[in-house]
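# A closer look at the structure
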Amino acid sequence: MAKARILIIDDETRWAESFLDELKLADYEYVYQTETDEAMVYFHENSDKLDVLILDIMMPPGTTLKASTDQGLDTGIKLYDQIRAKAPHLPVIVFTNVTGREVAQKFLNEVDCWLYPKSDLLPFELVEEIEEILKDKRARKSDDK
Amino acid sequence: MSVEVIKRDSIEIFNALSEIPFRYPDRNQALRRITELGKEALGSHACTLSFANLEKRFITVEACSGFDEQFEKHISGRIINMGSLEKGDMVDYALIARGELVEQYELHYRAQGVANPRTAEKYGLQSVLAHPMRSDGSLIGYFGHFSSRPDRFTDGEKRLLETFAHHAVAIIERFEHYRTLHRSASIIHQLSHDVLSMTTDEVLRQISKYAGQLLNVPICLVWRLDEPQNKLRIVATEGPIDNSFKQLELSLNEPGIAQHVARKRPSYLTNVSAGHQRYRDSAKAAAQGWVSLLSAPMHVGEQIIGMIDVYTTRQRRFREWERELFGTFANQAATSIQRAELVKNSALLNVLLQNRQQQEQQVLLPKIQEAIDRVDTESRERVSVESELEETLRLIAEQCKIHTRAQTCFLRLKDMATNQFELKVCYHEDPLVKQLPLGHRIEIGQGVSGFVAKTGTAYIYPDTSNGEHASQVAPELKLASILCVPIKTGNVVIGTISVGSDQARAFDQNHLHLLESVTDKISAVIMRAKLVRTVLQLAEATNNSASLRILLDQIASFACELMFQPVCLVWLLDKNRQGFVIKGKRIPNDQSVDINSLFISTAGEEVQRFLQTGKSLYLKDTRKASKHPYVEVLQGLDWKSMLAMPLVFKDQVMGIIEVYSYEKENFTVWHQRLFETLAVQSSMAIENLTSRQRSQTLNQVMQEMAKVRDEKELLTLLLVRSLKLVGSKRGWVSQLNLQTGELNFVSSEGEPLNTRPLKIGTGITGRALEDGTPLRVDDVTTDKNYEKFWEDTRSELAIPILIQNAKIMRKKSIDFAPKPIGVLNIESPTLAAFSKADEESLSLLASYAALCIEELESNRKLTELTQMETAIVGKRDWDDIIEQLLNGITVTLGYEFVNVSLVVPELSRIKSKYVTGIGPDKVKEFLTLADYSLDSKHIQAAIVRSKEAEVPDEEDKLLRKCNLPNLIRVLIPMTVTPDEPVMGTVEAGYVMGCRKHIYEQDVQILKRIVDYTVRALQQRNRGMLKRIKHEFGLAITGIRSNASFLQKRHAELSHQLIDLKFEDILTDCEILKWQVNELQHILGVSFTTSKRKKTTVFRDVVIKTVKQLRPIVIGQGFNPEKVEYSDWDVHRIKVYVDRGRLSQVVFNLLSNSIKYSEKDRSLFTIRISVEETRDNYIIVFKDWGIGIKKGFEEKIFEDGFRAPEAINKRVAGSGLGLTIARAAVREMGGDLKLVGNYRPTTFHLVLPKSLKEQPHGEGQDTYH
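Source: prediction; values computed, not measured. (Residues numbered from 1 in each chain as written. Chains lettered and ligands numbered in written order. Predicted model: local features only at pLDDT ≥ 70, side-chain atom pairs only at ≥ 80, totals over all residues. Heavy atoms only, no water.)

For chain B, the helix and strand inventory stands at 33 helices and 44 strands. Counting across all 1264 residues of chain B, residues that qualify as buried make up 53%. Of all intrachain contacts in chain B linking residues separated by at least 6 positions in sequence, the fraction that spans at least 24 positions is 63%. (Helix = DSSP H or I, 4+ residues; strand = E, 2+ residues; numbered from the N terminus. Buried < 20%, exposed > 50% of the residue type's maximum accessible area, 1.4 Å probe, protein only. Contact = heavy atoms within 4.5 Å.)

What follows is the structure, given as structure tokens:
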């Protein structure tokens, strides 16, 4: 049985490949979505089955999000907000290539949210991060009980 | 002090007392000596001598001897009121009136007898003993003895004081006697002397005057015996005497009188009102307030000739010696009268009289001058000219009265408005005598003054009790005779001066001549005052007049009043008619003259001469003046003589002022001077008003100008308003073309002969601009430079429109210099039509217009600049941006030469990259030679180092070489902030012609353009760099994660997967390589290229790149098989190319196709084929992606262009790809073209077949 179930939303497929391969080898089950619209459909249908969500904040807006933006920053932020509304406690790892202070601040203030510059993490480091997040989550769950 | 001691010393003291009348001529000294001796005799602390006036109840301390000077000063001359001790008054009247001894103690707190207790205390006065002094039984005063001791006074002291007081009175009386004697001697001597130079009447008046002085009595009557009738009549009086009393007669037949006269010695009555058998008129005398009488008959030998009476207004007992003295005087007077009568008709008298008249004149005239001067020197404190004049006239009247021996003198002045004579001054020696009120008016012909005013000749009215004017002399004035003399200016009577006497026949021809001799002086005083008043009125009128016309009418009125004339005309110059028209006037209502049609042409020689003299023109008889410009009009009028004067201000004739008189030959030289003064003042007033109005107008015009937004409209407005301002109807305005140096016609008023442009420096206009100063030509026919714009123009005013102090740049600092803009030309058919004031006003307007134009120009430039900025924003290409910059600098800012040099940091040099404004044959040379080390002294290098704009003053040798000597230029560093490195320099300039400077404002605008350009370039680079950084980031992240994954997991992985990972890494490396190309492009760094190699292009470049892109195709979820090509094409193209660079072109084209693929993955197809023309191989790239919108076909090749789709699809990229790709292909001699927009999007990569040949040597190693 897989260690956990992860949803990855990122349109940069070539970058994602090594990470996906690493997750697979580390026994994680993942779903990889490259389109905003499809990703959200999947999320809404399966949110309760997810343990971790990985989101690139720079995404093409798709048709459901009417944000017209040069940078695509709004897309990620809006996606995040929708995700949070549906799953308030789902751990979300946010990847970004931009280091805008305001954007960073938004995610740094969030609970159950981890922000990483895309170039900082190597595939195995991502796996380590996920393991730590899950361990933490489990610890909290047992505390709640 | 013992009585014995007093007795021993007293003899000496009393001796000393008796010497006083002979040793002390001065009364005060005499009285003081008495107190001094009293103090000594009585051993007093202080002694005082006081005289009492019981009627008015006061005591005067006439003398004092005390223990110190301060006390004496304090007490002497003090007046102490008498009252009741009980009521707290210092001196008890009841006590004094009774003439009792005063004995008082404890003065320091009761303070009787002295001013107040403090004084007593201060000076140590403890007690006082005062003894009354009586003369002929009447109390005259007190002798006071003050003690510093509190003890009561002894009887001995009281007796000694009594003795001393008696002695003191005797000494005082003796002193008075002696003095009166002395006085009478001098009076009698004077009287005998007077007789030689006086008429009998004067002698009589003199006698009455002396008689009063002799005994200090106020009233004196001199009676003369009328022998045939044996009656005494009053012939002279002194003091206020009722006229009715003067009519009294005494008959020698009356027993009392006869008895009195026969006694030959004076008689007296102590109280006339008490009634006396010898005194008949006691009731009348009492009614006059007279009390005591002393009367002496006048005898010459045995012959009685008259009688002298003196009256007191207080009871007085004339002493024996006074009576004797008076008798002597009466006899001396009798002798004088007789002698006067004897010489009356002799020839000697006339000589003497003349002599005396001269003497009088010699005395009176300086006196009058003194009066005038006195008022002059004091006049600063006076409030008005009127009061100053009245004060002068009052002083003159006083002198005239004195010297004509009159009782009164009065002066009337003519009021021009009513023609009445108004009483200005009335001087009477006795203020109690009733006078006419000041301001009292009479008509011409009314009364004595009116009569004199009418006839214009002096008149003596010897006896007011009869004659034609008898009823017109106010009886209350008590004037028995009057002398009235007219005061004239020219022939016009402007006033009268009269002297009056209560004696009949008091005046004769001598008095008349005397008065006449001073009337000129009086007239001058009046006229001078009038002139001053007129000047003040003019000033006031100038400030208050709402319009010039009102002022001119006022000037006419003032002139009439000043000159005492009925008519005044004020003419003003009409610049469009070459002559003068009447603009202000004063003409009596009863005269109907049509003056509107009158015109004085400036053309006439006579008029010209008159205008040039600057002096008044006097026509004695206008109707005979044939050359008078409107003599025919004058024929019908009684304007008989005329004064005319040009109105000139600062050498500029503005008009003419004329006054007319109804009399012929009515003006004197003095009048002319007066009128000239008035004209000068009027000119100033007119100028003041016009300049005030002018400045208001100027202000309005400037406000109007400030609102205009168009240069031509502004210049036209300047012209129109200027013409109105100077009253002309023709003119034109021109604007300087800085490039050609020509003055281009902008607009005109009136119809000029031509509108051709003028060269700067030619014509009056061109010269004005070249010199930068206005040119006013009074007569253009005498000016060689005049260029004819109107056939009959005579005078011209050319005003340069320039900014006097425009900011310019000299080296690195700001300086000032004129900036020419154009010229305003005003012309007129009249000679010398324009004044200095016109010139100044228009210069002001023109310079304001210049400022407005500069502002408009600056606004225009800024607007164009903004448009240019917008254009720059749209430009992605470096060249395009620079092209916009060059265009802006030349077209908008009007520079003729521009050179943009860029810094090459890796070489530490600055090189010219773009240049305009030099001959095409020189461009290449310039670009090659304009290459300087940043460490050199060249200005370009200096600008990069200093980062400051500069206008160099030295010539650039290279520019001279390029046929651009004499170029003035500015260099601007290409940097926005001082912290940033300088990108390069912009050098802009023009040939020094009309523009001799670089204007600071233009430098500011230039800086702004350069800044904007620099910012645009930086912005563009920043945007691209940001995108390149993103691409870099992705590639590096990919390489890193793949490398890390391989390192960690390679043991667990299949060979196939490992291959894939390496493939990915290599693709990312290819991407990085491409990005480096882009960076090089942005930085302007040269590309390193390898040698061209013979290449089978499709196999070695296209297929190889397709393989490299495989991971991307797969990564995007596309089928790599859908990148299609035909094997047949693989070997078709074999050419010499730079394989590396061509690979990058293909890489770019294919990666675009992948990036811009449709979302529907099934549509993904890329088809690559080869076509061939005669000269070229064409590699055709087709894809079924989102395509390129119409209108963007060429834009996609522009530097930094990113299609909206790219932005929406969030496709990364700098926007440089196709730019670089096309440049690379073109460099090889081929081309890259878009031939289809959509489905398929088709690019043609064209390679010329010439590349099949091996190239000779290397190609260019750089491109831009």
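With that settled, the discussion passes to the overall build of chain A. Within chain A one finds five helices and five strands. For chain A, the succession of helices and strands along the chain, N to C, is β-α-β-α-β-α-β-α-β-α. Among the 145 residues that make up chain A, the fraction classed as buried is 54%. Across chain A, contacts joining residues at least 24 apart in sequence account for 65% of those joining residues at least 6 apart.

Quick look at unusual backbone geometry now. Along the chain, R1239 of chain B connects to P1240 of chain B via a cis peptide bond; the corresponding omega equals 5°. Within the secondary structure layout, P1240 of chain B lies in the loop between β43 (1231–1236) and β44 (1241–1248). Notably, D112 of chain A is not glycine yet its phi reads approximately 60°, a positive angle. Take D112 of chain A: its relative accessible area is 9%, and that puts it in the buried class. Of note, K947 of chain B is a non-glycine position whose phi angle comes to about 60°, a positive value. With respect to the helices and strands, the residue K947 of chain B is situated in the loop between α26 (939–946) and α27 (957–961). Taking the relative accessible area as the measure of exposure, K947 of chain B reaches 30% and is therefore partly exposed.

Once that is clear, we can look at helix α10 (residues 255–262) of chain B. Residues and elements named next belong to chain B. Every buried residue of α10 is listed here: G256, I257, H260 and V261. Taken around the axis of α10, the buried residues stretch over an arc of 125°, which confines them to a single face. Turned more than 90 degrees off the buried face of α10, the exposed positions are P255 and A262. Each element contacted by the buried residues of α10 is listed here: β9 (231–238), β10 (249–251), β11 (267–269), β12 (293–300) and β13 (303–311). (Arc of directions from axis to C-beta.)

We now examine the sheet that holds strand β39 (residues 1123–1125) of chain B. Residues and elements named next belong to chain B. One open sheet holds the five strands; their spatial order is β39-β41-β42-β44-β43, and the pairing between them is mixed. A single partner strand is all that each edge strand has here, and the edge strands are β39 and β43. With direction set aside, neighbouring strand axes in the sheet form an average angle of 25°. Bridging between β39 and strand β41 (residues 1166–1172) involves three bridges; their strand directions are parallel. Within β41, the residue paired with E1124 across the bridge is R1167. Sheet contacts for helix α30 (residues 1097–1115): β39, β41, β42 (1176–1183) and β44; angle to β41, the most-contacted strand, approximately 170°. Sitting on the sheet, helix α33 (residues 1217–1227) is in contact with β43 and β44, with an inclination near 125° to β43. (Pairing = 2+ DSSP bridges. Axes fitted to C-alpha atoms, helices over the stretch in contact; angles between N-to-C directions.)

Our focus in this paragraph is the interface of chain A and chain B. Facing 30 residues of chain A, the contacting portion of chain B comprises 31 residues. For the pair chain A and chain B, the summed buried area comes to about 2500 Å², and 47% of that belongs to carbon and sulfur atoms. Residues K1061 of chain B and D21 of chain A are paired through a salt bridge, measuring 2.8 Å at the closest nitrogen-oxygen approach. Linking chain A to chain B there are four residue pairs in polar contact (both at pLDDT 80 or more). Elements that contribute at least two residues to the side of chain A that touches chain B include exactly α1 (13–25) and α5 (123–144) of chain A. By residue number, the principal contributor to the side of chain A that touches chain B is α1 of chain A, which donates nine residues. Looking at side-chain class alone, the side of chain A that touches chain B contains 11 nonpolar, eight polar and 11 charged residues. (Buried area = accessible area lost by both parts, 1.4 Å probe. Salt bridge = Lys/Arg side-chain N within 4 Å of Asp/Glu carboxyl O. Polar contact = N/O pair within 3.5 Å; in protein donor to acceptor, adjacent residues only side chain to side chain. Nonpolar A, V, L, I, M, F, W, Y, C, P; charged D, E, K, R; others polar.)

Bringing the packing of helix α20 (residues 669–707) of chain B against helix α21 (residues 711–726) of chain B into the picture now. All names here are of chain B. Remark: α20 packs on α21, axes separated minimally by 10 Å, with the N-to-C direction vectors making an angle of 165°. The orientation of α20 relative to α21 falls into the category roughly antiparallel. In this structure, α20 crosses over α21, and the sense of that crossing is right-handed. Of α21, the residues touching α20 (which contributes R694, T697, L698, V701, E704 and M705) are L714, L717, L718, R721 and L725. Residue composition of the contact of α20 with α21, by class: seven nonpolar, one polar and three charged. (Parallel < 35°, antiparallel > 145°, perpendicular 65-115°, else oblique. Left-handed = near helix turned anticlockwise from the far one by under 90°.)

On to the state of the cysteines. Residues and elements named next belong to chain B. With the rule as written, the count across this model stands at zero disulfides over all chains. In this structure C568 is a free cysteine whose sulfur lies 5.2 Å from that of C560, the closest cysteine sulfur available. For C568, a relative accessible area of 0% translates into the label buried. (Disulfide = S-S within 2.5 Å.)

Residue and element names in this part refer to chain B. For α30, which comprises 19 residues, the first-to-last C-alpha distance of 26 Å matches the rise-based estimate of 27 Å (1.5 Å per residue) to within 8%. Most pronounced at L1109, the bend in α30 amounts to some 45°, and the proline P1111 follows within four residues. Backbone geometry just downstream of α30 places G1117 in the positive-phi region, at approximately 85°. (Expected span 1.5 Å × (residues − 1). Bend = angle between axes of the 7 residues up to and from the residue.)

Residue and element names in this part refer to chain B. Here three bridges tie strand β2 (residues 58–65) to strand β3 (residues 79–83), and the two strands are oriented antiparallel to one another. Its bridge partner being in β3, I59 is matched across the sheet by I80. Pairing between β3 and strand β4 (residues 91–92): two bridges, direction parallel. Residue pairing in the sheet places G83 in a bridge with D92 of β4.

Here the focus is the confidence of the model for chain B. Residue and element names in this part refer to chain B. Per-residue confidence for chain B gives a mean pLDDT of 81, with 90% of residues at or over 70. At the low end of the mean pLDDT range in chain B sits helix α32 (residues 1204–1208), at 55; at the high end sits strand β35 (residues 967–973), at 92. This model gives residues 345–349 a pLDDT under 50, and the stretch forms three contacts once residues within four places in sequence are excluded. Low pLDDT, under 50, characterises residues 1258–1264; the predicted model gives this stretch nine contacts beyond four residues in sequence or across chains. Scored as a whole, the predicted complex attains pTM 0.47, and scored at its interfaces, ipTM 0.79. (pLDDT = per-residue confidence, 0-100.)

Moving on: the confidence of the model for chain A. All names here are of chain A. Per-residue confidence for chain A gives a mean pLDDT of 80; residues scoring 70 or more make up 85%. Mean pLDDT in chain A bottoms out at helix α4 (residues 101–108), which sits at 73, and peaks at strand β1 (residues 5–9), which reaches 91. Note on residues 67–71: pLDDT is under 50 here. Beyond four places in sequence and across chains, it has 10 contacts.

The next point concerns the environment of N785 of chain B. Residues and elements named next belong to chain B. Residue position: N785 is located in the loop between β29 (775–777) and β30 (795–810). The exposure class assigned to N785 is partly exposed, which follows from its relative accessible area of 30%. Separated by 22 residues in sequence, N785 and G763 have C-alpha atoms that sit 4.6 Å apart. Residues contacting N785, with those up to four places away along its chain left out, are G763, I764 and R767.

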